[in-house]
Amino acid sequence: MRPFYIYLAIGVWTVIGVIIAGFARRRLGKGIIEFYIGGRRTGGFVSAMTYAATTFSAFMMVGLVGLVYSGGVAAAGFEFVYILSTVVLLLIFGPRFWVAGQKYGYSTPPELLSGRYDSQKVGAVAAGLALVMLIPYASAQLMGIGFLVEGLTGGEIPYIAGVLIMAAFGGVAALTAGFKSVAWTDAFQGITMLVTCLVLLFFVFYHFYGGPIEFFTAIEAESSELLRINWSIHRFIGMTLPWAFFAISNPQVSQRMFVSENIRSIKIMIVGFSLFALVYTVMTTLFGFSIFNLVESGIIPAFASADEAMPSLLGHVPTVLGLVTFTGIFAAATSTLGSVILTLSSLGTEDILKSVKPEMSESRRVNIGRGIIVIILLICILFAQGRFDLIAVLSAMASGGLLVAVPSFFAAFWWRESTAEGSMWSILIAGALTGALYVSGWNPLGVWPPVWGLITSTVLLIVISKMTETPERAKKFIRTVDEEMEKNGFK
Amino acid sequence: MESISLWKGILIVMILGTASVGVPYAILRNVESLWGSYFYWIILTTAVMVLVWRETGDWRNME
């Protein structure tokens, strides 16, 4: 594909995105709550779309397609288990986060932990963990686009150019009007992702197979080995577990449980996200099956790395369609990047800076937050230069590390005896253990690092909490959340 | 922790874990058909989504 077309597609799409961000800026009020969570006034449709666009990244159309191509139906299964557990977790945690945010004014998930455990240190540790783990995840978005533009143009647009273009757009989305510009561009990006994916899928059905029924018949007849589960149970659990708790472990998505304007908006967010997730996941997994089948049939030449699966398919579709699909992938990656850097900025100011300098004004914290966004982007660009091979594994590692904070969130709402010391040390020790296992590549007893991390953090939380004194505020917090749930009609 | 919440939580995790991982790995693992684990996971996910939607139907705006 000629570089001019890629630049044109990005240019047109960027102009639309910048216009949307500009409109969002006009509605931006003052203060931290306004900048980081849109003043808790986000409607149902935008809540659903920003949740979906933040969750689904370049991983879906590049990483997941490659995983299904190389690993078959088990890779699809791991994504379906993620959706299933996310909707259940949204049902359980969505109302609780929302009422706690309304009652106590929380704007970040670690701030909720600080409040519940009555310790700024807990929030700072959870925020620190997220900063360490989410930078590789954000970098993976940049890498996804870098690989894609390089692959599509045969190297005429270098990898680093793709990385820099996307970093610039992600920065604009987050800096223009904070959450409002991120959420509004997310809604546009979410629609782009769905529509472009659907168009490509129907092209694949009719161009290569003659129709959807013929496609499914061909997959069953010619590529049936893909439909047999061929991941070991350890690999399946190791890949799935971090994603199963993604809705709680990843602050860029759990923060979205604070943003809805009312209960109706939360409902629409849950229903809208789950529909989006199911349709988008079915479509992306079907691409994986089709590319495998097309390579086996000799229509697409074989390639070396699983991440090349989607770029290879795009090399065999008309230029316009390739560009449309590229735009959808670009949208998925930028929406995730914008949300992650904005959330990390909020953790930096609200959970780390505010605990050190509580007297600092909100307007000054917003300005510092903008500076943090730029710094995080620069770090992500440096990280992306490392060009790690498998985007999927890198993304899973980030969520694997964040998994260690999940027991603290459960205990915050349901276990009165859980303490700040228990929460803090469980996150610190289990986080360090998980990171060390990932870096060393050691899976003791064949079990993957996230499983060890989750077991360790749960045990430490229980043992240390039993040995330390329950904060007085814990009982009040749980009782108040229960009362607010009832008062707001959730029970 | 309220014992009812704990047992309810454990029960939900066991049911979901068995349905989403246990059944595909124990029963459907070697089925080489779209009607094996692939459609099973799609149908299971859809069923859980519908149950969750029904639950949210009980939420009432009190404003």
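The model shown is predicted, which means the values in this text are computed figures rather than measured ones.

Parameters at a glance
Residues numbered from 1 in each chain as written. Chains lettered and ligands numbered in written order. Predicted model: local features only at pLDDT ≥ 70, side-chain atom pairs only at ≥ 80, totals over all residues. Heavy atoms only, no water. Helix = DSSP H or I, 4+ residues; strand = E, 2+ residues; numbered from the N terminus. Areas by Shrake-Rupley, 256 points an atom, 1.4 Å probe, with all protein chains shown as cover. Buried < 20%, exposed > 50% of the residue type's maximum accessible area, 1.4 Å probe, protein only. Contact = heavy atoms within 4.5 Å. Buried area = accessible area lost by both parts, 1.4 Å probe. Salt bridge = Lys/Arg side-chain N within 4 Å of Asp/Glu carboxyl O. Polar contact = N/O pair within 3.5 Å; in protein donor to acceptor, adjacent residues only side chain to side chain. Phe/Tyr/Trp six-rings, centres within 6.5 Å; stacked < 30°, edge-to-face > 60°. Lys NZ or Arg CZ within 6 Å of the ring centre and 35° of its normal. Core = buried A, V, L, I, M, F, W, Y, C linked by side-chain atoms within 4.5 Å. Axes fitted to C-alpha atoms, helices over the stretch in contact; angles between N-to-C directions. Parallel < 35°, antiparallel > 145°, perpendicular 65-115°, else oblique. Nonpolar A, V, L, I, M, F, W, Y, C, P; charged D, E, K, R; others polar. Expected span 1.5 Å × (residues − 1). Patch = residues over 30% accessible without salt bridge, like charges linked within 9 Å, V, L, I, M, F, W, Y side chains within 5 Å.

(A) Spotlight on the overall build of chain B. From N to C terminus, chain B includes two helices and zero strands. Accessible surface for chain B amounts to roughly 4,000 Å². Of this, 69% is attributable to carbon and sulfur atoms.

(B) Up close: the overall build of chain A. Regarding its fold elements, chain A presents 22 helices and zero strands. Expressed as lengths along the three principal axes of its C-alpha atoms, the size of chain A is roughly 70 × 55 × 45 Å. Looking at the 491 residues of chain A, the share that counts as buried comes to 66%. When contacts within chain A are restricted to residue pairs at least 6 apart in sequence, those whose partners lie at least 24 apart make up 84%.

(C) Fine view of the interface of chain A and chain B. Taken together, the 45 residues of chain A in the interface contact 35 residues of chain B. In total, chain A and chain B occlude about 3,700 Å² of area from one another, counting both sides; carbon and sulfur atoms represent 71% of this. The three residues of chain A that bury the most area against chain B are Leu84(A), Leu91(A) and Ile229(A), which together make up 18% of that side's buried surface. The tally of links between chain A and chain B comes to one salt bridge. Across the chain A-chain B interface, the total number found is ten residue pairs in polar contact (both at pLDDT 80 or more). The set of elements that each furnish at least two residues to the side of chain A that touches chain B consists of helix H5 (73–104), helix H10 (212–222), helix H11 (233–244) and helix H14 (263–296) of chain A.

(D) Up close: the packing of aromatic side chains. Residues and elements named next belong to chain A. What the rule picks out here adds up to 54 aromatic pairs over all chains. Residues Tyr51 and Phe273 carry aromatic rings whose centres are separated by 4.8 Å and whose planes lie at 70° to one another, so their mutual orientation is edge-to-face. In this pair, Tyr51 sits in helix H3 (residues 44–55) while Phe273 sits in helix H14, placing the two residues 222 residues apart along the sequence. Taking the centre distance of 6.2 Å and the plane angle of 50° together, the rings of Phe205 and Phe216 count as tilted. Placement of the pair is Phe205 in helix H9 (residues 179–209) and Phe216 in helix H10, with a sequence separation of eleven residues. The ring of Tyr5 carries the charged tip of Arg2 above its face, separated from the ring centre by 5.3 Å. Against the face of Trp231 rests Arg235, its NZ or CZ located 4.4 Å from the ring centre.

(E) The arrangement of the nonpolar core in detail. In terms of nonpolar packing, the biggest core is built from 194 residues, with Leu200(A), Tyr280(A), Phe287(A), Phe289(A), Leu313(A) and Tyr38(B) touching the most fellow members. Residue contributions to this core peak at 20 residues, all from H5(A). Apart from the residues lying within four places of it in its own chain, the contact partners of Tyr280(A) are Phe56(A), Met60(A), Met61(A), Met193(A), Leu194(A), Cys197(A) and Ala332(A).

(F) The arrangement of the packing of H14(A) against helix H2 (residues 37–56) of chain B in detail. Between H14(A) and H2(B), whose axes approach to 10 Å, the crossing angle comes to 175°. The angle between H14(A) and H2(B) falls in the class roughly antiparallel. Side by side, H14(A) and H2(B) meet where Lys267(A), Ile270(A), Val271(A), Ser274(A), Leu275(A), Leu278(A), Val282(A), Thr285(A), Leu286(A) and Phe289(A) of the first sit next to Tyr38(B), Ile42(B), Thr45(B), Thr46(B), Met49(B), Val52(B), Trp53(B) and Thr56(B) of the second. Considered class by class, the residues forming the contact of H14(A) with H2(B) number twelve nonpolar, five polar and one charged.

(G) The environment of Ile165(A), seen in detail. Residues and elements named next belong to chain A. Tracing the chain through its elements places Ile165 in helix H8 (residues 159–177). On a C-alpha basis, the gap between Ile165 and Ile10 in space is 8.6 Å, while along the polypeptide they are 155 residues apart. In contact with Ile165, not counting residues within four places along its chain, are Tyr7, Ile10 and Phe330.

(H) Looking closely at H2(B). Helix length check: H2(B) (20 residues) gives 28 Å between terminal C-alpha atoms against 28 Å at 1.5 Å per residue, within 8%. Looking only at H2(B), the buried set comprises Ser37(B), Tyr38(B), Phe39(B), Trp41(B), Ile42(B), Leu44(B), Thr45(B), Val48(B), Met49(B), Val52(B) and Thr56(B).

(I) Region of the structure containing the pattern of salt bridges. Residue and element names in this part refer to chain A. Here the structure, examined in full by the defined rule, presents ten salt bridges over all chains. The residue Arg41 makes a salt bridge to Glu34 at a minimum N-O spacing of 3.1 Å. Take Arg41: its relative accessible area is 47%, and that puts it in the partly exposed class. Between Glu350 and Arg365 there is a salt bridge, and its shortest N-O distance comes to 2.9 Å. Taken together, the positions of Glu350 in helix H16 (residues 319–356) and Arg365 in helix H17 (residues 362–384) put the pair 15 residues apart, joining distant regions of the chain. The same class applies to Glu350 as to Arg365, namely buried. The network of salt bridges with common partners includes Glu111, Glu350, Lys354 and Arg365.

(J) The side chain of Gln255(A), seen in detail. All names here are of chain A. On the secondary structure map, Gln255 appears in the loop between helix H13 (251–254) and H14. There is a polar contact of 3.1 Å between the side chain of Gln255 and the side chain of Ser346. Sequence-distant contacts of Gln255, defined by excluding residues within four places in its chain, comprise Tyr36, Ile37, Ser107, Thr108, Pro109, Thr343 and Ser346.

(K) The arrangement of a nonpolar patch on the surface in detail. All names here are of chain A. A contiguous nonpolar surface patch, about 460 Å² in accessible area, is contributed by Ile455, Val459, Ile462, Val463 and Met467. Following the sequence through the fold, Val463 ends up in helix H21 (residues 449–467). On the basis of relative accessibility, which here comes to 41%, the residue Val463 falls in the partly exposed class.

(L) How the structure looks around the side chain of Ser312(A). All names here are of chain A. If you trace the backbone, Ser312 turns up in helix H15 (residues 309–314). Since its relative accessible area comes to 16%, Ser312 is described here as buried. Those residues in contact with Ser312, other than ones at most four positions away along the chain, are Ile300 and Phe303.

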